[in-house]
Structures are given as C-alpha cells and as structure tokens.
Amino acid sequence: MDILKSMPITEANQMAATKPTILVAAVALVDDENRVLIAQRPQGKSMAGLWEFPGGKVEPGETPEIALIRELREELAIDVTEACLAPFTFASHLYEKFHLLMPLYVCRRWHGIPCPAEGQTLKWVRANRLTEYEMPPADIPLIAMLRDLL
Ligand SMILES: Nc1nc2c([nH]c(=O)n2[C@H]2C[C@H](O)[C@@H](COP(=O)(O)OP(=O)(O)OP(=O)(O)O)O2)c(=O)[nH]1
Ligand SMILES: [Mg+2]
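Source: prediction; values computed, not measured. All residue numbers here refer to positions counted from 1 along the written sequence of the relevant chain. Following the order in which they are written, the chains are lettered starting with A and the ligands numbered starting with 1. Predicted model: local features are reported for residues with pLDDT of at least 70 only, side-chain atom pairs are reported and counted for 80 or more only, and whole-chain, interface and lining totals are derived from all residues.

J.: How would you summarise the pairing of strand β5 (residues 86-94) if you had to cite specific residues and measurements?
T.: Where β5 and strand β6 (residues 99-107) come together, eight bridges link them in antiparallel fashion. Paired with F90 across the two strands is P103, which belongs to β6. Here, a strand pair is defined by DSSP locating no fewer than two bridges between the strands. To qualify as a helix, a DSSP run of H or I must reach at least 4 residues; to qualify as a strand, a run of E must reach at least 2; elements of each kind are numbered from the N terminus. Adjacent in sequence and paired antiparallel, β5 and β6 are bridged by four residues.

Rendered as structure tokens:
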C-alpha cells in the first residue's frame, strides 16, 4: 500500500480508517555469534512460507512484553524475562485487510533451546544475510535496522 504514502493525509487516512489495527509483538533473538533467529510460517497460516521474527498477536489484557513471553513459550519453548526484552524499533504497515503495528524487541538472553514447537522451520541467520529470506512486507525496513545494529 505504498500508494498511500504519496496521498494527501486525509485521503490516505480515510482508506486506512476502514481497517483495524492489529498489534503484534515480535523479537529478534540474537545468539553469541550475532545471528538472528527467523521462523518460516507454516502452511495453512496467512503468509505461509515467508520468514518472520518470532512473536504473535497481543491479546486483550496483555502488554506486548507479556504477549511475547507467552508466544516464545508456545512457539519456541523458551523462557524469556521481561528485563531481557529490549525495545528496538517497530513496523507500521498497511496490509490489504488490516494495519499492522509491530514493536520489535531484541533479546540476547533466554532459558532453553529454541525449537520449532508449532511446525515452523527455524534458522539462525546473520543480519547481512536476512535479505536472502523472503519476509513479510512489513519486515523489510526492519532488516536494514538490524543490520546497522548488529
Ligand atoms: N510474528 C510475526 N508476525 C508478523 C511479522 N511480520 C508480519 O507482517 N507479521 C504479521 C503476520 C500476521 O498477520 C501477524 C501475526 O499473526 P500470527 O497469525 O502469527 O499471530 P499468532 O502468532 O498470535 O498466531 P495465531 O495464534 O493467531 O495463529 O503479523 C513478523 O516478523 N513476525
Ligand atoms: Mg506467531
């Protein structure tokens, strides 16, 4: 929906206003070798086959951090404490059916070994090689920011 970016603000706003905002919390887990963990979305889900940062929708009553701690337990079977989640940046992207607002945290400490608990494929990738993996459109600006950080 890049076309919105070149529209007058009122017109762009009318288009966006008809779509709900979905809050998704995501994390770049970074290992000792400065590699980032990405997961391939399983078949049957929206955007199946694309690589993403672990995380998921923030449910009513949750903070983004609490949602992320829950998602990391469900998706990767690891335990993370709130203190180890450093806010890094965010994605704001208008998809066809919703507007995605996605805070991205960076985390270097967790308990357990990340394993694919929900049928995903996991991969540890250097930041400068993330572009070799197809990611959702919202994630594209995040890749460059991670490359600068790492
Ligand atoms: N986790 C994650 N989601 C992303 C990324 N980029 C991106 O556009 N998304 C989108 C895809 C989905 O529309 C939405 C996340 O929803 P999801 O379906 O994975 O949520 P969830 O883990 O709570 O899964 P579910 O229980 O609803 O199936 O955010 C990303 O890097 N990580
Ligand atoms: Mg998810």
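J.: Pulling in residues and values, what's your account of the UniProt feature "domain: Nudix hydrolase" (unreviewed entry) in the chain?
T.: UniProt positions are given in the numbering used here, feature names are shortened, and annotations may be inferred rather than shown by experiment. As annotated by UniProt and renumbered to match this structure, "domain: Nudix hydrolase" (unreviewed entry) occupies residues 20-148. Annotated as 17% helix and 34% strand, the span residues 20-148 places its first and last C-alpha atoms 32 Å apart.

J.: I'd like a rundown of the nonpolar core, residues and numbers included.
T.: A set of buried residues drawn from Ala, Val, Leu, Ile, Met, Phe, Trp, Tyr and Cys, joined through C-beta atoms within 7 Å, is what defines a nonpolar core. Using C-beta atoms placed from the backbone, we call a residue buried if 20 or more other C-beta atoms fall within 10 Å of its own, exposed if 12 or fewer do, and partly exposed for counts in between. Within the largest apolar cluster, 28 residues are counted, with the highest numbers of intra-cluster contacts made by A26, V27, A28, L68 and L104. Broken down by secondary-structure element, the contributors of at least two residues to this core are β1 (21-29), β2 (35-40), α2 (64-76), β6 and α3 (140-149). A total of six residues in this core trace back to one element, the largest contributor, which is β1. In this structure L68 touches A25, V27, G55, L85 and Y105, once residues within four positions along its chain are discounted. Think of it this way: build a C-beta for each residue from its backbone, and any pair within 7 Å is a contact.

J.: Let's hear about the sheet that holds β2: which residues, and what values?
T.: The strand order across the open sheet built from three strands is β3-β2-β7, with neighbouring strands paired in antiparallel fashion. Every other strand in the sheet has two partners, leaving β3 (51-52) and β7 (121-126) as the edge strands with one partner each. Pairing of β2 with β7, which is carried by six bridges, proceeds in the antiparallel orientation. Looking at the pairing, R35 lines up with R126 of β7.

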